[in-house]
Every structure is written in structure tokens, then in C-alpha cells.
Amino acid sequence: MVKLHVCGISVIVGLCLASSIVLAEVDVICLMQNCADVSIKCATNPNCVRAIQCLSNCAADQKCTIGCLDSYGNDLFSQFTTCAIINHKCVVIGGPSPFKCTKPSDVVSRFKLSELQGKWYKLGGTNPIYDCYDCSSMTFTPNEENDNENGYTVQIQYLATTAGGDVRQRNHQGQVTLADPENPALISVSGTFDGIPLTNEWRLLHIDDKSTFALVYYCGASVPNVYGYEGTFLMARQLALPKYDQDVVRQVTKFHGYNATSFCSTRTKDCPP
């Protein structure tokens, strides 16, 4: 059993060290003491191994990283990263990121978190890595332990194209709270992406009176704080906006310095429920 532990961990460590441009430290003893079982399972699971192999070629390339996770990420990989990176810090990622977000200050003055409740569809945005998934939706549900203005769970669902050209449905969960009670337009969204922590600050640039569509800026960081990113996306209650709302969207995006026609478009037909 000890030989199996060492063998499994040696495979994982070898793969991790291959990505030394990004990884600052791999503590082998820590892995053996705290993450041996999940390391062995990962080392004997083809997709878990492929995920680490793929990531070893990415360095700080976010598009590459997300592509690897979309292609090969699975529960075992999530368990490994949670154990090795988050819980025990056996694998320490280099950072922090030098990326600086350009946060807009012109945000809505009145907003209640409960206005997000229910299902929204992401119709496009400015960041091609994060905003352009087909059939992308977010469903906000109030946490039982909190009142509506203090906490929501968001279920995120979208379709991703793998490195092999297949399409797989991806599902993630996050927690949503007000980032600043004095400024309700600032929203904190945190969660994990295949076991890798993500933290985002949303800035609500616009939401119409009936809460049928919203323009959201976000600034985020991951693993932790190695990758910085930002973007702006449009989300709506319907998969297609009526013409009147389309005209309003063009006006709103122009007001905030964007061109709605330059937003990436996403497929919204024949989507899973």
C-alpha cells in the first residue's frame, strides 16, 4: 500500500512540477500525509491525469487553463485540487497576479439582491473566455439560513466544447452576497471551478425596472489571486430580448462606453432545461 501511495503521488508531483512556471511549490510530504488517497485515485483516472497534463502547458494562459478544465475537469480533479491547493496548501500557486481591474464607478443607485432571484440567461459579453458559452444560465436561490438580502446561492450552467470537439454540460455553484451594504450595486460572487477557488466582484451597471435584463461588470481572481480577469456581460430573463429591450440595451451599453454589437453572442436555441 505504501508503494502504491508513493507511486500515485509521484505521478501527480511529476505532472505538477512540469508546470513550474506557475507553481511556486509542491510539498511532497504534505501530499503523502494529507492527500495520498485522492492523489492515487487521480493518478489512476484518465481525465484527472489529462487535466493536470493539460494544465502543465498553460502557464498563466487563462484561455488554456479554462479549456483544460472544460475538457477534462471532473469530481476527482476537484477533490485533488481542494485537498492539495485549498485545504492543505501542499501545492502553492505563484502569485499574486499583477492584473489590475478597471472598475467602473457609474453603477445603479437602487437595487435589492432579491431582484436577482430566479433564472437568468447570459446573452453575451466582452470577455471571450468567460462570457461566450452557449446555453449559459444562472439561477439565484435565497439561502435558507439568511434573509433574502444577505445571501443567495447561484447555480451556473452552460455548454462547453472540449479539446476533442465534444460538447459537455458544465455545472458550478457559488455564493452571492452584498459586497458593501452601503452600496447595493456591489455584489460578491464566490465559489469553486473544478475545486479551484474563484472570487468575483460584480458591479451592477444597469437593471431595468421590471428586472428583465441587466448589464453587469465583473472583476475576478482565482487560484488564489494568480489569474486576474474582468469583463462585462448582458443577462436577461428570456433567451431572446424583444425589439424594444434590444433598443434599450444598445442605449445602455453605449452610455457605459460599450458597443453592444461587439459583445460575443451565445447560442440560446435547443438548450437543456
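Structure shown above.
The structure reproduced in this document is the subject of the present report. (Residues numbered from 1 in each chain as written. Predicted model: local features only at pLDDT ≥ 70, side-chain atom pairs only at ≥ 80, totals over all residues. Heavy atoms only, no water.)

**So, the state of the cysteines**
Consideration 1: Per the stated rule, a full pass over the model turns up 8 disulfides.
Consideration 2: Here C35 is linked by a disulfide to C83, with a sulfur-sulfur distance of 2.0 Å. Across the disulfide from C35 to C83, rotation about the S-S bond amounts to roughly -95°, and the bridge is consequently left-handed. Placement of C35 in the loop between helix 2 (28–34) and helix 3 (36–43) and of C83 in helix 6 (residues 75–87) is noted, with a sequence separation of 48 residues between them. When sorted by exposure, C35 lands in the same class as C83, which is buried.
Consideration 3: Here C54 pairs with C68 through a disulfide, and the sulfurs are 1.9 Å apart. Judged by the torsion about the S-S bond (-75°), the C54/C68 disulfide is left-handed. Of this pair, C54 sits in helix 4 (residues 46–55) while C68 sits in helix 5 (residues 62–72), and the two are 14 residues apart along the sequence. (Disulfide = S-S within 2.5 Å. Helix = DSSP H or I, 4+ residues; strand = E, 2+ residues; numbered from the N terminus. Buried < 20%, exposed > 50% of the residue type's maximum accessible area, 1.4 Å probe, protein only.)

**Brief notes about the packing of helix 3 against helix 6**
Consideration 1: Orientation of helix 3 relative to helix 6, taken along the N-to-C sense of each, is 145°, at an axis distance of 9 Å. With respect to the hand of their crossing, helix 3 and helix 6 are arranged in left-handed fashion. In contact with V38, S39 and K41 of helix 3, helix 6 contributes L76, Q79, F80 and C83.
Consideration 2: Taken together, the residues of the contact of helix 3 with helix 6 break down into 4 nonpolar, 2 polar and 1 charged. (Axes fitted to C-alpha atoms, helices over the stretch in contact; angles between N-to-C directions. Left-handed = near helix turned anticlockwise from the far one by under 90°. Contact = heavy atoms within 4.5 Å. Nonpolar A, V, L, I, M, F, W, Y, C, P; charged D, E, K, R; others polar.)

**Examining the packing of aromatic side chains**
Consideration 1: Considering all chains together, one arrives at 7 aromatic pairs under this definition.
Consideration 2: Measuring from centroid to centroid gives 6.2 Å for F140 and W202, while their planes differ by 75°, and the two rings are edge-to-face. Here W202 lies in strand 8 (residues 196–207) and F140 lies in strand 4 (residues 134–142), a separation of 62 residues in the sequence.
Consideration 3: Looking at F140, the relative accessible area reads 2%, which means it is buried.
Consideration 4: Geometrically, the ring pair formed by Y258 and F263 is edge-to-face, given 6.1 Å between the ring centres and 75° between the ring planes.
Consideration 5: A relative accessible area of 12% means that F263 is categorised as buried. (Phe/Tyr/Trp six-rings, centres within 6.5 Å; stacked < 30°, edge-to-face > 60°.)

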